[in-house]
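Chain residues, written in single-letter form:
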Amino acid sequence: GMTFTDAHSSSGVCTPTRYGVIMGRYCWRSRLKRGVLGGYSAPLIEKNRPTVGSVLQKAGYHTAAIGKWHLGMNMTRRGGGKPAKDRWDGDGNVDYTKPIADSPITRGFNEYFGVSASLDMAPYVWIENDHFSKPPTIQQAAVKFPGFVRRGPRSDDLEFDDALDVLAQRAAGFFQRMAEEKKTFFLYLPLTGPHKPVAPHPRFKGKTSLGPYGDFVMNVDDAVGQVLRALDETKLADNTLVIFTSDNG
């Protein structure tokens, strides 16, 4: 492997950083000139602009995104209503039973599973391709640091401390399908950690001497280990390039 030890970034937060990764483009050329998007924000990636996904699709790759998107989606609103002005706490107009008009599958990815933004931003609902997996039935209360969660709607199949395992298992399943179908693939796997909420799985609590965040970083390391083991088990490792980087979240 190769380790880069002198790193520079055009931004210290996650939406613009991931825009640069996906687009190969200076992030502040987008409409976003500072800060980050919220969980209900419209797409930041312009409709017809190439992404790493769309470029690889044209080259014959099967492309997938699994994890935290945080580049905006056009969600269907009841009665054709407009998005709420509060991008953080909620948008009561979202119709969680209807398809999402613009999701990662309209930006160069054949398939997607994950959450619309960071896992500390509502809506706390899993999204698969262009639809919500389950309508939210829980009003998640705000949580203070170090956990940190904003209040908002949550579905009962999304638990914060399970999220990393869910994403790693989804990635493993994707590798299995690609191996069976003998497809050349590209997987973009933006994990929900170590960005807040700091929510280590119970099996990692107290495992380090560094408090909840140290335990959470160990949880992230374990998720990466699950992904690498899945590549080994599907015999894809020798022909797969893995790049691990931070989203500056």
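*Asks:* Now, about the side chain of Thr-15: what can you tell me, with residues and values included?
*Replies:* Relative to the assigned elements, Thr-15 resides in helix H1 (residues 14-23). Classification of Thr-15 by relative accessible area gives buried; the value is 0%. Within polar-contact distance, the side chain of Thr-15 engages the backbone oxygen of His-70 at 3.2 Å. Leaving out residues up to four positions away in the same chain, Thr-15 has contacts with Leu-32, Val-36, Leu-37, Leu-44, His-70 and Leu-71.

*Asks:* How would you explain empty space enclosed by the protein if you had to name every residue and give the values?
*Replies:* Counted under the stated rule, the structure contains two cavities of 30 Å³ or more. Approximately 60 Å³ is the volume attributed to the largest cavity. Residue lining of the largest cavity: Leu-119, Phe-160, Asp-161, Ala-163, Leu-164, Thr-192, His-195, Pro-197, Ala-199, Phe-216 and Asn-219, and that is the complete set. Listing elements by their share of the lining of the largest cavity, those giving two or more residues are helix H3 (163-181) and helix H4 (211-233). As for the second largest cavity, its lining consists of Pro-43, Leu-44, Ile-45, Trp-69, Leu-71, Gly-72, Asp-102, Ser-103, Thr-106 and Arg-107. Of the residues in the lining of the second largest cavity, the class split is five nonpolar, three polar and two charged.

*Asks:* So what about the layout of surface pockets? Which residues, and what values?
*Replies:* In this approach the atoms are scanned with a rolling probe the size of a water molecule, which exposes any empty space left behind. Estimated volume of the largest pocket: approximately 1,400 Å³. In this structure, the largest pocket is lined by 39 residues; those nearest its centre are Leu-187, Tyr-188, Leu-189, Ile-243 and Phe-244. If you list the elements that add at least two residues to the lining of the largest pocket, you get H1, helix H2 (52-58), strand S7 (185-188) and H4. Examining the composition of the lining of the largest pocket, we find that six residues originate from one element, H4, more than from any other. For the lining of the largest pocket, the class distribution of residues is 24 nonpolar, nine polar and six charged. The space that makes up the second largest pocket amounts to roughly 570 Å³. Every residue lining the second largest pocket is counted, 17 residues in all, and those nearest its centre are Met-2, Phe-4, Ile-243, Phe-244 and Thr-245.

*Asks:* Which residues make up the environment of Glu-180, and what are the values?
*Replies:* Tracing the backbone through its elements, the reader meets Glu-180 in helix H3. Take Glu-180: its relative accessible area is 57%, and that puts it in the exposed class. Of the polar contacts made by the side chain of Glu-180, one reaches the side chain of Gln-176; its length is 3.0 Å.

Reading guide: rules and limits
Residues numbered from 1 in each chain as written. Predicted model: local features only at pLDDT ≥ 70, side-chain atom pairs only at ≥ 80, totals over all residues. Heavy atoms only, no water. Helix = DSSP H or I, 4+ residues; strand = E, 2+ residues; numbered from the N terminus. Buried < 20%, exposed > 50% of the residue type's maximum accessible area, 1.4 Å probe, protein only. Polar contact = N/O pair within 3.5 Å; in protein donor to acceptor, adjacent residues only side chain to side chain. Contact = heavy atoms within 4.5 Å. 1 Å grid on protein atoms, 1.4 Å probe; cavity = no way out; pocket = protein on both sides within 12 Å on 5 of 7 lines; lining within 4 Å. Points joined across faces, edges and corners; volume = space filled by probe spheres on them. Nonpolar A, V, L, I, M, F, W, Y, C, P; charged D, E, K, R; others polar.

Everything listed is a geometric property; what it means functionally is a separate question.
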